[in-house]
Amino acid sequence: FGVFRDPTGQVWADFVHKTDELVMLAEGEIEGRSLFPKIGEEQFISAKALHTVRNTGSTYNVWYYGYKTIQNFD
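Conventions we followed
Residues numbered from 1 in each chain as written. Predicted model: local features only at pLDDT ≥ 70, side-chain atom pairs only at ≥ 80, totals over all residues. Heavy atoms only, no water. Pairing = 2+ DSSP bridges. Helix = DSSP H or I, 4+ residues; strand = E, 2+ residues; numbered from the N terminus. Axes fitted to C-alpha atoms, helices over the stretch in contact; angles between N-to-C directions. Phe/Tyr/Trp six-rings, centres within 6.5 Å; stacked < 30°, edge-to-face > 60°. Lys NZ or Arg CZ within 6 Å of the ring centre and 35° of its normal. Contact = heavy atoms within 4.5 Å. Polar contact = N/O pair within 3.5 Å; in protein donor to acceptor, adjacent residues only side chain to side chain. Buried < 20%, exposed > 50% of the residue type's maximum accessible area, 1.4 Å probe, protein only. Salt bridge = Lys/Arg side-chain N within 4 Å of Asp/Glu carboxyl O.

(A) Molecular detail of the sheet that holds strand β1 (residues 2-6). Here we have 4 strands laid out as an open sheet, ordered β1-β7-β3-β5, and antiparallel in their pairing. Strands with a single pairing partner mark the edges of an open sheet, and in this sheet they are β1 and β5 (42-45). The sheet shows a mean angle of 25° between the axes of neighbouring strands, direction not considered. As judged from the 5 bridges shared by β1 and strand β7 (residues 61-67), these two strands associate in the antiparallel manner. Note on β7: the bridge partner recorded for Asp-6 is Asn-61.

(B) Focus on the packing of aromatic side chains. Taken as a whole and assessed by the stated rule, the structure comprises 7 aromatic pairs. Here a set of aromatic residues connected by ring pairs shows up, and it is made of Phe-4, Trp-12, Phe-15, Trp-63, Tyr-65 and Tyr-67. Against the face of Tyr-60 rests Arg-5, its NZ or CZ located 4.1 Å from the ring centre.

(C) Quick look at the environment of Glu-41. As for its placement among the helices and strands, Glu-41 is situated in the loop between β4 (30-31) and β5. Once the C-alpha coordinates of Glu-41 and Met-24 are considered, the two residues, 17 residues apart in sequence, prove to be 5.7 Å apart. In contact with Glu-41, not counting residues within four places along its chain, are Val-23, Met-24, Leu-25 and Phe-36. A distance of 2.9 Å separates a polar side-chain atom of Glu-41 from the backbone nitrogen of Lys-38.

(D) Summary view of the sheet that holds strand β6 (residues 51-55). Strand order in the open sheet formed by 3 strands is β2-β6-β4, and the pairing between neighbours is antiparallel. Strand pairing shows two members of the sheet lacking a second neighbour, β2 (11-15) and β4, which therefore form its edges. Relative to β6, β2 is paired through 3 bridges, and the arrangement is antiparallel. Considered in β6, the bridge of Val-11 is made with Arg-54.

(E) The pairing of β6, seen in detail. Most of β6 is tucked away: 4 of the 5 residues are buried. Where β4 meets β6, 2 bridges bridge the pair, whose relative direction is antiparallel. Along β6, the bridge assignment pairs Ile-30 with Asn-55.

(F) Just the pattern of salt bridges, in detail. This structure, assessed with the given rule, holds 1 salt bridge. Measuring nitrogen to oxygen at the nearest pair gives 3.6 Å for the salt bridge that ties Glu-31 to Arg-54. Placement of Glu-31 in strand β4 and of Arg-54 in strand β6 is noted, with a sequence separation of 23 residues between them. Owing to a relative accessible area of 21%, Glu-31 belongs among the partly exposed residues under this scheme.

Rendered as structure tokens:
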């Protein structure tokens, strides 16, 4: 789990992760390739899915992200 705080115009372009990711906008405005999530909406991004996130607001945005982990209980 982590927190990003991005300035206006920040673009995270063409990312691919090895594991599933969950993101949620806490403040500001962001857009993905085809999504425009509102504050508090969770967005699930499947492992290996190409994705882009852009700050489209007029101020900083804040969004939370987390990655699925595999736990070993040996």
